[in-house]
Amino acid sequence: MNNKLIAALILVSSFLLSSDEEKDQYKPKLPNFKDILEVKHSIPGRIRIQCKVLKDNPHGKQALLNTFSQIPGITEISINPYIGTILIKYEEETIQPMLIIGIILKVLGLEDEANSENKSLVTKESIDILDSLSHTIYEKTNGILDLKSSVMLLLGTYAVYDIKTRPGVRPAGITCLWWLYGLINRPN
């Protein structure tokens, strides 16, 4: 093999295998809130932030411009409402980038979203499916049952059946009763 090709492969593989800490040793650790507010680029005195709430939102843009015009240490702010980005230039001796992020979250009313529990897409969709199933059961039984009460009823019935038909084998029926107890005591 060519020596230059080998050298290039070694260089690329060493970069890929290096840790994120080594790559970002000069980059300050700023918080990112997935799909809410993400720091796309940051160097001392300049920060670029992606905020999807700002897309086609003239009120949010104006609120940020009004707020940051009153804050000492902010030298320039540029907002692109078409792609939802904010570019802020600041005096690093006067204001910290963490404070800038906090101000943006506060002004745009994103604090609750940023502090909310992170859930994966699969978890969100699973919850939606279970909610739909529960609603369907509720509608079909005219409000007598929902998903939780149906599962409790099935577990209780199976536990009683299992204890009566297999008196020598205790864990299965007792386990179902334990699951039933857990479902009853679990908050929604």
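Residues numbered from 1 in each chain as written. Predicted model: local features only at pLDDT ≥ 70, side-chain atom pairs only at ≥ 80, totals over all residues. Heavy atoms only, no water.

Taking an unreviewed UniProt entry as the reference, the protein is identified by name as HMA domain-containing protein belonging to Intestinibacter bartlettii.

Visitor: For the pattern of salt bridges, give the residues involved together with the corresponding values.
Guide: Taken as a whole, this structure holds 4 salt bridges when the rule is applied. The partner of Glu76 in a salt bridge is Lys89, with the nearest N and O atoms 3.8 Å apart. Linking Glu76 in strand 3 (residues 74–80) with Lys89 in strand 4 (residues 85–90), this pair joins segments that are 13 residues apart in sequence. With a relative accessible area of 39%, Glu76 lands in the partly exposed category. One salt bridge in this structure joins Lys106 and Glu111, with 3.6 Å as the shortest N-O distance. Residue classification places Glu111 among the partly exposed positions, given a relative accessible area of 32%. (Salt bridge = Lys/Arg side-chain N within 4 Å of Asp/Glu carboxyl O. Helix = DSSP H or I, 4+ residues; strand = E, 2+ residues; numbered from the N terminus. Buried < 20%, exposed > 50% of the residue type's maximum accessible area, 1.4 Å probe, protein only.)

Visitor: I'd like a rundown of the pairing of strand 1 (residues 38–43), residues and numbers included.
Guide: Note that strand 1 and strand 2 (residues 46–50) share 5 bridges and pair antiparallel. Bridge pairing in strand 2 places Ser42 opposite Ile47. Taken together, strand 1 and the strand that follows it, strand 2, pair antiparallel across an intervening segment of 2 residues, in which Gly45 is found at a positive phi of about 90 degrees. (Pairing = 2+ DSSP bridges.)

Visitor: Can you break down the sheet that holds strand 1 residue by residue, with the values?
Guide: Strand order in the open sheet formed by 4 strands is 1-2-4-3, and the pairing between neighbours is antiparallel. Sheet topology places strand 1 and strand 3 at the edges, where each strand pairs with a single neighbour. When the angles between neighbouring strand axes are averaged without regard to direction, this sheet yields 15 degrees. Lying over the sheet, helix 3 (residues 58–69) contacts strand 3 and strand 4, oriented at roughly 175 degrees with respect to strand 3. (Axes fitted to C-alpha atoms, helices over the stretch in contact; angles between N-to-C directions. Contact = heavy atoms within 4.5 Å.)

Visitor: Please provide a residue-by-residue account of helix 7 (residues 147–165), values included.
Guide: Compared with an ideal rise of 1.5 Å per residue, which puts 19 residues at 27 Å, helix 7 spans 27 Å between its outermost C-alpha atoms and is within 8% of the ideal. Taken residue by residue, helix 7 has Leu147, Ser149, Ser150, Leu155, Gly156, Ala159 and Asp162 as its buried positions. (Expected span 1.5 Å × (residues − 1).)

Visitor: Could you give an account of unusual backbone geometry, naming the residues involved and the relevant values?
Guide: Here the phi dihedral of Asp35 falls at roughly 65 degrees; this positive angle occurs in a residue that is not glycine. For Asp35, the position within the fold is in the loop between helix 2 (20–23) and strand 1. Judged by its relative accessible area of 44%, Asp35 is partly exposed. Positive phi values are uncommon outside glycine, yet Asn142 reaches one of about 55 degrees. Tracing the sequence through the fold places Asn142 in the loop between helix 6 (121–140) and helix 7.

Visitor: Break down the packing of helix 3 against helix 4 (residues 97–107) for me, citing the residues and quoting the values.
Guide: Axis separation between helix 3 and helix 4 bottoms out at 10 Å; the angle between their running directions is 135 degrees. Judged on the interaxial angle alone, helix 4 and helix 3 are oblique. The chirality of how helix 3 crosses helix 4 is right-handed. Residues Ala63, Leu64, Thr67 and Phe68 of helix 3 form the contact with helix 4, whose participating residues are Ile100, Ile103, Ile104 and Val107. Tallied by class, residues from the contact of helix 3 with helix 4 come to 7 nonpolar, 1 polar and no charged. (Parallel < 35°, antiparallel > 145°, perpendicular 65-115°, else oblique. Left-handed = near helix turned anticlockwise from the far one by under 90°. Nonpolar A, V, L, I, M, F, W, Y, C, P; charged D, E, K, R; others polar.)

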